[in-house]
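Chains, contacts and geometry: an overview
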Amino acid sequence: MLQPALRSTFRALSTCPVSQGVVRRRCGPDGLWERDGSGRVWRDMSQCEEEKEVTSQELWFKQLMVSFRVLYTVGYSLSLLSLTMALIILLGVRKLHCTRNYIHANLFLSFILRAVSVIVKDTMLERHWGRQIMRPSDVSEMLSHQAALGCRLAQAMMQYCVLANHYWFFGEAVYLYSVLIASVFIDNNKPLPYICLGWGVPLLFVVPWVVMKLLKENKECWAFNENMSYWWIIRFPILFASLISFLIFMKILKVILSKLRASHQSGYPDYKLRLAKATLTLIPLFGIHEIIFIFATDEQTTGVLRYVKVFFTLFLTSFQGFLVAVLYCYANTEVRTELRRKLHSWRIATVTGPE
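The model shown is predicted, which means the values in this text are computed figures rather than measured ones. All residue numbers refer to positions counted from 1 along the written sequence of the respective chain. In view of the model being predicted, local features appear only for residues whose pLDDT reaches at least 70, and side-chain atom pairs are presented and counted only at 80 or more, with totals across whole chains, interfaces and linings using the full set of residues. Side-chain calculation: all heavy atoms of the structure are included, whereas hydrogens and water are not.

It is worth spelling out the overall build of the chain at this point. Numbered from the N terminus, helices here are DSSP runs of H or I no shorter than four residues, and strands are runs of E no shorter than two. On a plain count of helices and strands, the chain comes out with 9 helices and 0 strands. Scored against the burial criterion, the 355 residues of the chain give a buried share of 40%. Total accessible area on the chain is roughly 20,600 Å²; 64% of this is exposed by carbon and sulfur atoms. Only protein chains enter the accessibility calculation, which uses a 1.4 Å probe; a residue is then buried when its area is under 20% of its type maximum, exposed when over 50%, and partly exposed in between. Surface accessibility follows the Shrake-Rupley procedure with a 1.4 Å probe radius. Residue values consider only the protein chains on display as shielding.

Moving on: helix α5 (residues 192-216). For α5, spanning 25 residues, the distance from its first C-alpha to its last is 35 Å, which sits close to the expected 36 Å at 1.5 Å a residue. Its maximal kink placed at W199, α5 deviates by approximately 35°, while the proline P202 follows within four residues. Buried within α5 we find Y194, L197, G198, W199, V201, P202, V206, W209 and K213. To estimate how far a helix should reach, multiply one less than its number of residues by 1.5 Å. Here the bend at a residue means the angle between the axes of two seven-residue stretches, the one that ends at it and the one that starts at it.

Further remarks concern the UniProt feature "transmembrane region" (unreviewed entry) in the chain. UniProt positions are given in the numbering used here, feature names are shortened, and annotations may be inferred rather than shown by experiment. This chain's UniProt record puts "transmembrane region" (unreviewed entry) on residues 70-91, 103-120, 167-185, 192-212, 232-257, 278-296 and 308-331. The span residues 232-257 shows a helical share of 100% and a strand share of 0%, and its end C-alpha atoms are spaced 36 Å apart.

Let us look at a nonpolar patch on the surface. Candidates for patches are residues over 30% relative accessible area with no salt bridge; among them, like charges are joined within 9 Å and nonpolar side chains (Val, Leu, Ile, Met, Phe, Trp, Tyr) within 5 Å. Salt bridges are identified by distance alone: a Lys or Arg side-chain nitrogen within 4 Å of an Asp or Glu carboxyl oxygen. On the surface, a cluster of nonpolar side chains totalling about 450 Å² of accessible area is made up of L203, V207, V211, L214 and L215. Note on placement: V211 falls in helix α5. Look at V211 and you get partly exposed, because its relative accessible area is 39%.

Before going further, it helps to spend a moment on the environment of C98. Relative to the elements of secondary structure, C98 occurs in the loop between α1 (46-92) and α2 (99-129). When the C-alpha atoms of C98 and K190 are compared, they prove to be 10.0 Å apart, with 92 residues separating the residues in sequence.

Within the chain, residue pLDDT values average 75, and 69% of them lie at 70 or more. Counting interchain partners and residues more than four positions distant, the pLDDT-below-50 stretch residues 1-17 has 26 contacts. pLDDT: the predictor's confidence for each residue, scored from 0 to 100. Throughout, a contact is declared for two residues whenever any of their heavy atoms are within 4.5 Å.

Within soluble globular proteins, side chains that are nonpolar tend to cluster in buried spots. Nonpolar core, defined: a set of buried Ala, Val, Leu, Ile, Met, Phe, Trp, Tyr and Cys residues in which side-chain atoms within 4.5 Å join the residues together. L107, F108, Y167, F170 and V324 are the most contacted members of the largest nonpolar core, which totals 57 residues. Of all the secondary structure elements, the ones that give two or more residues to this core are α1, α2, α4 (145-180), α5, α6 (228-261) and α8 (303-330). No other element matches α4, which puts 17 residues into this core. In contact with F108, other than residues within four places in its own chain, are L83, A86, L87, L90, V324, A325, Y328 and C329.

So, about the packing of aromatic side chains. Two aromatic rings from Phe, Tyr or Trp, using only the six-membered ring of Trp, form a pair when their centres are within 6.5 Å; if the ring planes differ by under 30 degrees the pair is stacked, by over 60 it is edge-to-face, and anything between is tilted. Summed over all chains, the structure comprises 10 aromatic pairs. Geometrically, the ring pair formed by W209 and W222 is edge-to-face, given 5.8 Å between the ring centres and 85° between the ring planes. Of this pair, W209 sits in helix α5 while W222 sits in the loop between α5 and α6, and the two are 13 residues apart along the sequence. Residue class for W209 comes out buried when judged on its relative accessible area of 1%. Each ring, one from F311 and one from F315, has its centre 6.1 Å from the other, and the planes form 15°; the classification is stacked. Here the residue F311 and the residue F315 both occupy positions in helix α8, the gap between them amounting to 4 residues, near one helical turn. Taking the relative accessible area as the measure of exposure, F311 reaches 34% and is therefore partly exposed. Exposure remark for F315: the relative accessible area of 35% places this residue in the partly exposed category.

What follows concerns the pattern of salt bridges. Opposite charge on two side chains allows them to pair when their charged atoms are near. Applying the stated rule across the entire model yields 4 salt bridges. Residues E338 and R341 are paired through a salt bridge, measuring 3.3 Å at the closest nitrogen-oxygen approach. Of this pair, E338 and R341 both sit in helix α9 (residues 333-352), separated by 3 residues, roughly a single helical turn.

Now for the environment of M124. Of note, M124 is situated in helix α2. C-alpha separation for the pair M124 and C221, spaced 97 residues apart in sequence, amounts to 9.0 Å. Residue contacts for M124: discarding those within four places in its chain leaves G150, C151 and A154.

As structure tokens, then:
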């Protein structure tokens, strides 16, 4: 027999396996649980049903994030393989060695490092937060400084590689502008200024970001941004490079269109037009999503806009390396000609044999 004092609430965790919900029963005047018309004990499980709905939403969101991760993992893996082969070709064929292809090779390397850093960062995050807690010592180990140190290093390296990737593409835009329109502050025949732009400039922003994270937001794996002003230390130079590259694209497009309308194009060698076509294809692909979502950060966007932004950003950035390799190497007439010549020479040497 249950006392009438239990009339208020009966928390039944065994039948409602949720964190906040309760199952309610009513105790009758005879001290027994009241029953419904079918003779079963009356229960109010509305709170459990609400949490089941929330759980289904969380499950859908988790599955969506897993799909996004599979998408960009496939994209980065495909880009990594194609870029590695393209880099070997550019560096292995001596007749392809020139300032233009040297910039291409560094662009390939920046994409390779970006893909590797993203994969390593995800692995470190999964290793840091994805482990199962089997004993109390696992919690203290997870929250320890030593466990987070490797994760933070991976995060810093990824930010540097992303910045370097953007600024090597910016170097491509500057080189194309110098070749087709006018000389700028960088000498096209000297690769050192491009090295400083592509590998040196990102350090000017990543180092202050790391310092601010250490001093102000030295928490977990540095994956979250509590103060967005610190995030803009590395966000602003990316947007700046993308915007300038897009403006260069518009300027070059105007010049190319005017030259195509003209009756003669004697001042434009064939390789320059091929370079223009490839770069004009890549510059809008590289910068357009950065410009569209310039003020729509992950923390500020919600709902459908957030999912659209995440999808397009992950798709473009992960598969972009593959597109770069195809346009600048595999579909490049000069590269294909040299490869056919190498293959022909190898076949002749194989047939002839050593004398």
